[in-house]
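# Coordinate inspection notes
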There are 2 protein chains.
Amino acid sequence: MRNFSDYLFDRIDELNNPTVMGLDPLLSYVPEPILDKWRKKSGDPKVNGASAILEFNCGLIDAVCDIVPAVKPQFAYYELYGVAGIQALKETVDYAKSKGMVVIADAKRNDIGSTAAAYADAILGSTTHLDGKKYSGIDADAVTVNAYLGIDGIEPFCKVAKERGKGLFILVRTSNPSAGDFQDLLLEDGTPLYENVARKVEEWGSELIGAHGYSSIGAVVGATWPEQAGKLRRDILRHSPILVPGYGTQGGSGAAAAVNFDRNGKGAIVNASRSLMCAYQKCPDLSQNDYAIATRNEAIRMRDDLRLAIKNKILAENV
Amino acid sequence: MRNFSDYLFDRIDELNNPTVMGLDPLLSYVPEPILDKWRKKSGDPKVNGASAILEFNCGLIDAVCDIVPAVKPQFAYYELYGVAGIQALKETVDYAKSKGMVVIADAKRNDIGSTAAAYADAILGSTTHLDGKKYSGIDADAVTVNAYLGIDGIEPFCKVAKERGKGLFILVRTSNPSAGDFQDLLLEDGTPLYENVARKVEEWGSELIGAHGYSSIGAVVGATWPEQAGKLRRDILRHSPILVPGYGTQGGSGAAAAVNFDRNGKGAIVNASRSLMCAYQKCPDLSQNDYAIATRNEAIRMRDDLRLAIKNKILAENV
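Here, residues in each chain are numbered from 1, in the same order as that chain's written sequence. Following the order in which they are written, the chains are lettered starting with A and the ligands numbered starting with 1. Local features in a predicted model are, by the rule used here, given only for residues with pLDDT of at least 70; side-chain atom pairs are given and counted only at 80 or more, and totals for whole chains, interfaces and linings are based on all residues.

### Quick notes on the sheet that holds strand β2 (residues 70-73) of chain A
Residue and element names in this part refer to chain A. Read around the closed barrel, 8 strands run β1-β2-β3-β6-β7-β8-β9-β10, paired in parallel fashion. Mean inter-strand twist for the sheet, computed between neighbouring axes without regard to direction, equals 30°. Sitting on the sheet, helix α9 (residues 193-204) is in contact with β7 (167-173) and β8 (217-221), with an inclination near 160° to β7. Together, β7, β8 and β9 (242-244) form the strand contacts of helix α10 (residues 226-236), whose direction differs from that of β7 by roughly 130°. Pairs of strands are assigned from DSSP output, requiring at least two bridges between the strands. Secondary structure elements follow DSSP: runs of H or I no shorter than four residues count as helices, runs of E no shorter than two count as strands, and numbering proceeds from the N terminus. Angular values range over 0 to 180 degrees, each being the angle between N-to-C directions of two axes fitted as lines to C-alpha atoms, with helices fitted over their stretch in contact. Here contacts are defined at the residue level, using C-beta atoms placed from the backbone and a cut-off of 7 Å between them.

Structure below.
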């Protein structure tokens, strides 16, 4: 059975690029020529809208699949467009996988054991349908989860991860401004809650460590909190891959993202969504038909920014 | 604009029954006659399976809608059956509302602000589609959310709740065995994390208090933790309605659920899923065609059990 973290880090090494492209497609992000084409079609505007999103996503994937190893569809934006949106999500996942990209489902699911098992099967696994046969659901390579319910809400995801070579990223320190409302609360021993969650992530992942030295159970740590992230990487998350949101539009810099990488420049993957998807909006000289060119240029800029930041981080540590 | 908590507590008062029926439909819960009927149909087994689930749900709703005020579909079980499952979820919600039932979407969503807004619009609100018109999504009356990301992940839900007369139930103390892994961690001041979350729920809801004295922002507190629940109701959650899972199959008793009610026997709603949906499995004398009778009988038993437990709780407090 494949180990998810090996699959992920092999792809990152091949492309020498620890970037994941977030696919959070509001209709307002879709370039006008695609919207216009689908507006002119007859039929249900909800279905046509979802088709416009799918065409945009596939264009973005085509634009970067030889230089960016992974995509992260954010489920909220597909659920927003109803049943047709979920269909576009499934087809986006299938298309990205067909292009060799690792797919991280950003769903932040959480529930009690039996229900967590249903979510795990829906997103990573399979289930038995009316004809008695098992069919895969979304069949992403990994999923983000929220651990507030404790281990019995996490175990069903770990079980599917182990059985099917999938991965998890558990929310530790999120990228948003109010992350600290609960995550920073100090416990009796003086340590913040998020460090306690991080210790559990490291513990839960101990059985799924692959050849790169990393587990298939990882953590989410925002690029907007470099101080906290540096300590987590150094002291706690020694075998947990880190998914780093918050780079780009949310304000995280390359240097801030780089603290999530280990002394060999490995162990993390940095997400950008709007700054990649909507790169064309910052290129007034480009036609909107050329949105893919703008996204590719920004993906190259981000890759080079991260490479440099990681190199500088390693240099600084070895001084 | 309607206040969600007034809508909920008016319905509870009318039926004198603080029960919500969970709709967590695994195909294995669906009675054989319904499965058999849909197995014989031609076409996609995934679509037919979702139709079997929808038929079961509608039969359950018909069986209890004059005695049970609310339903709580658990999203995981619909997502498990793919796009057709989501369609069955939407039709279940619409059907329950057409029968006068309050619909609480058990989705436990959570994300950073912009994405939380997309979830809020998807489940409670509406969004603009390709034709420039706004359409509702699931359009449930309330949704469960997880507050680990802090206030800016909650605010978008509060905004939609205020604008559209909807409600939230925020996870405070969940019903599962490992709820305490993080929720019980003691903070520097000696209080557990879940009490701190409860205080925030009470604070966030202060602007949406209705005529019953309760807010449209409520809390989830499991019936499996009566000691913690009693303290929460008494000392912290004075204006927050409480959604109480864990009654029945999970082991919570009427007495344990009753501690979530106030001195007037108000302020909470108790969920049962499997014990209601699968009541027919415990009635070997009934034909599976009569599953609705078994569910109705169990709903009456549960209602009377809760009424008695709440009465006893009030009596004990007034001794």
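Now that the structure has been shown, we can carry on.
### Here's the deal with the relation of the copies chain A and chain B
Here the second copy of the chain follows from the first by a rotation about an axis and a shift along it. Least squares is the method for superposing the copies, and the C-alpha atoms it fits come from residues with pLDDT of at least 70 in both. Turning chain A through 180° and shifting it by 0.0 Å along the axis lays it on chain B, with an RMSD of 0.0 Å. Within this description, the copies of the chain are treated as partners about a two-fold rotation axis. Most of the interface of chain A is mirrored in chain B: 100% of its interface residues are interface residues there too.

### A short note on the packing of helix α6 (residues 113-123) of chain A against helix α7 (residues 151-164) of chain A
All names here are of chain A. Contact geometry of α6 with α7 gives a least axis separation of 8 Å together with a crossing angle of 35°. Every pair of crossing elements has a handedness; the one defined by α6 and α7 is right-handed. Between α6 and α7, the residues in contact are Gly113, Ala116, Ala117, Ala120 and Asp121 and Asp152, Gly153, Glu155, Pro156, Phe157 and Val160, respectively. For the contact of α6 with α7, the class distribution of residues is 6 nonpolar, 2 polar and 3 charged. Here a crossing is called left-handed whenever its near helix is offset anticlockwise from the far helix by less than a right angle, and right-handed whenever the offset is clockwise. Ten residue types, Ala, Val, Leu, Ile, Met, Phe, Trp, Tyr, Cys and Pro, are classed as nonpolar, four, Asp, Glu, Lys and Arg, as charged, and the remainder, Gly among them, as polar.

### Focus on the sheet that holds strand β10 (residues 268-272) of chain B
All names here are of chain B. Read around the closed barrel, 8 strands run β1-β2-β3-β6-β7-β8-β9-β10, paired in parallel fashion. Within the sheet, the average angular offset between the axes of one strand and its neighbour, ignoring direction, is 30°. The sheet contact formed by strand β7 (residues 167-173) and strand β8 (residues 217-221) spans 5 bridges and is parallel. Following the sheet pairing, arginine 173 is matched in β8 by valine 221. In this fold helix α7 (residues 151-164) packs onto β6 (142-145), β7 and β8, with an angle of close to 145° to the strand it touches most, β7.

### Things to note about the nonpolar core
Most often, soluble globular proteins have nonpolar side chains that are buried together. Formed by 238 residues in total, the largest nonpolar core has its most connected members in A:Ile170, A:Val172, B:Ile170 and B:Val172. Non-local contacts of B:Val172, meaning those with residues more than four positions away in its chain, are made with B:Tyr194, B:Val197, B:Ala198, B:Val201, B:Ala219, B:Val220, B:Val221 and B:Leu232. Remark: nonpolar core denotes a set of buried Ala, Val, Leu, Ile, Met, Phe, Trp, Tyr and Cys residues whose joining runs through C-beta atoms within 7 Å. Field definition: a residue is buried when 20 or more other C-beta atoms are found within 10 Å of its C-beta, exposed when 12 or fewer are, and partly exposed for counts in between, with C-beta atoms placed from the backbone.

### As for the interface of chain A and chain B
Across the contact, 61 residues belong to chain A and 61 residues belong to chain B. Counting only elements with at least two residues in the side of chain A that touches chain B, the list comes to α2 (32-39), α3 (45-64), α4 (75-79), α5 (82-98), α6, α7, α8 (180-183) and α9 of chain A. The element contributing the most residues to the side of chain A that touches chain B is α6(A), with 6 residues.

### Re helix α6 (residues 113-123) of chain B
Burial analysis of α6(B) places 9 of its 11 residues in the buried class, the great majority of the element. Where α6(B) is buried, its residues touch α4 of chain A together with β3 (102-109), β4 (126-128), β6 and α7 of chain B.

### Some words on the pairing of β10(B)
Residue and element names in this part refer to chain B. Along β10, 5 of the 5 residues are buried, which leaves the element largely enclosed by surrounding structure. Residues of β10 alternate between two faces, with Ala268, Val270 and Ala272 on one and Ile269 and Asn271 on the opposite face, all of them buried. Taken together, the 3 bridges between strand β1 (residues 19-23) and β10 define a ladder with parallel strand orientation. Bridge assignment links threonine 19 to a residue of β10, and that residue is valine 270. Bridge count between strand β9 (residues 242-244) and β10: 3 bridges; the pairing is parallel. Note on β10: the bridge partner recorded for valine 244 is valine 270.

### Remarks on unusual backbone geometry
Residue and element names in this part refer to chain B. Its identity as a non-glycine residue notwithstanding, lysine 108 has a phi of 45°, on the positive side. Its place among the elements puts lysine 108 in strand β3. Residue classification places lysine 108 among the buried positions, given that 29 C-beta atoms sit within 10 Å. A positive phi angle is found at aspartate 139, which is not glycine, with a value near 60°. Looking at where aspartate 139 falls in the secondary structure, it is placed in the loop between β5 (134-136) and β6. A residue is classified by how many C-beta atoms lie within 10 Å of it, and aspartate 139, with 19 of them, is partly exposed.

### What about the packing of α3(A) against helix α13 (residues 291-317) of chain A?
All names here are of chain A. In the contact formed by α3 and α13, the axes pass within 9 Å of each other and the chain directions differ by 45°. Comparing the axis directions of α3 and α13 gives the class oblique. Judged by the twist between their axes, the crossing of α3 over α13 is right-handed. Facing α3, whose interface residues are Gly59, Leu60, Asp62, Ala63 and Val64, α13 presents Tyr291, Ala292, Thr295, Arg296 and Ala299. For the contact of α3 with α13, a count of residues per class yields 6 nonpolar, 2 polar and 2 charged. Orientation labels follow simple angle bins: below 35 degrees gives roughly parallel, above 145 gives roughly antiparallel, 65 to 115 gives roughly perpendicular, and whatever is left gives oblique.

### Comments concerning the confidence of the model for chain A
You can read pLDDT as the predictor saying how much it trusts each residue, on a scale of 0 to 100. Summing up the model confidence of chain A, the mean pLDDT is 96 and the portion of residues at 70 or higher is 100%. The complex prediction reports pTM at 0.98, with the ipTM value standing at 0.97.

### Some remarks on the environment of A:Gly267
Residues and elements named next belong to chain A. With respect to the helices and strands, glycine 267 occurs in the loop between α11 (254-258) and β10 (268-272). Judged by local crowding, glycine 267 falls into the buried class, with 24 C-beta atoms found within 10 Å. The spatial distance from the C-alpha of glycine 267 to the C-alpha of proline 45 is 43 Å, given a sequence separation of 222 residues. Apart from the residues within four sequence positions on either side, glycine 267 is in contact with Tyr214, Pro241, Ile242, Phe261 and Asp262.

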